[in-house]
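# Understanding the architecture of this molecule
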Amino acid sequence: MAEYLIAGNWKMNGLRAELAEAERTAAEEIADNCRVLICPPAVLLPQMTALLDGSMVRLGAQDCHPEDSGAFTGDISAPMLAESGASYVIVGHSERRLSYRESNNLVRRKMQAAWRAGLTAILCVGETETERNSGHAHAVVGQQFAECTPEDSTADKLVIAYEPVWAIGTGRSASGEEIADMHGFLREEASRHFGPGQEIPILYGGSVKGDNAAEIFSIADVNGALVGGASLRAADFIRIIRSVPVAQA
Ligand code: 13P
């Protein structure tokens, strides 16, 4: 049975009071075939690292700068995140692609920065509703994957997250067919890029909740979820974690 990664992206939510939510998640017994990750705002990373020390929950960040240091006011580098306790970093989230016009080229440089710092990069890809409706979903997602993934990279320390833009924060998750189709496509693209047999985890993200998680996890080529809104409260997040299929002996 493949491992499942359940990653919570808190986005720009969470003050110190919310550390208790992460603590509650960490107190949960987590199945052996499941890895849980929380990506809080970067300022909470040091405290969360101390708080979750010894627990099964890992920590990640939501973005990094492509350079390791320099005159980049307001930015945070991958080595800073690693030193603050992150072992993962999300790159290329559609909210950053859309709000800050992040290009595939920039996202690729961020992936390289993440790897230099020893972090696992969670590369987000996904089409807008207009792109899907005009029949370009595969072309857009394929191009994002190809242009964001450095030529000389290996499959180590890489996670792909398919997050259709129209499903994020809308309560309207992609259908089982849509998810199966795009994950199958990404599996093929990854195998073309890295060679067959490389087991890159492919997460689905976009309105994953406690009541649709089990169905989503049963779809072929889905290796977990990148969860936004439903990761903010431990009770909701734990329901999703508990939806991971039980490993067969
Ligand atoms: P929601 O789960 O709130 O739809 O957000 C998904 C997401 O963008 C995770 O990165």
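Residues numbered from 1 in each chain as written. Predicted model: local features only at pLDDT ≥ 70, side-chain atom pairs only at ≥ 80, totals over all residues. Heavy atoms only, no water.

The subject of this paragraph is the layout of surface pockets. Its boundaries defined by the atoms lining it, the largest pocket holds a volume of some 640 Å³. In terms of lining, the largest pocket is formed by 22 residues, of which the most central are Lys-11, Met-12, Gln-62, Asp-63 and Arg-96. What the second largest pocket holds in volume is close to 330 Å³. Elements with a minimum of two residues in the lining of the second largest pocket: strand E1 (4-9) and strand E6 (158-162). Looking at the lining of the second largest pocket residue by residue, the class counts come to nine nonpolar, three polar and six charged. (1 Å grid on protein atoms, 1.4 Å probe; cavity = no way out; pocket = protein on both sides within 12 Å on 5 of 7 lines; lining within 4 Å. Points joined across faces, edges and corners; volume = space filled by probe spheres on them. Helix = DSSP H or I, 4+ residues; strand = E, 2+ residues; numbered from the N terminus. Nonpolar A, V, L, I, M, F, W, Y, C, P; charged D, E, K, R; others polar.)

Around the ligand, a shell composed of 13 residues is seen, among which Lys-11, His-93, Gly-169, Ser-207 and Gly-229 lie nearest. Within the backbone of Gly-169, a nitrogen or oxygen atom sits 2.6 Å from an oxygen atom of the ligand. At 2.9 Å from an oxygen atom of the ligand is found a main-chain nitrogen or oxygen belonging to Gly-228. Compared with its free state, where it exposes 310 Å², the ligand has 97% of that area covered by protein. Tallied by class, residues from the shell around the ligand come to four nonpolar, seven polar and two charged. (Near = heavy atom within 4 Å. Polar contact = N/O pair within 3.5 Å; in protein donor to acceptor, adjacent residues only side chain to side chain. Areas by Shrake-Rupley, 256 points an atom, 1.4 Å probe, with all protein chains shown as cover.)

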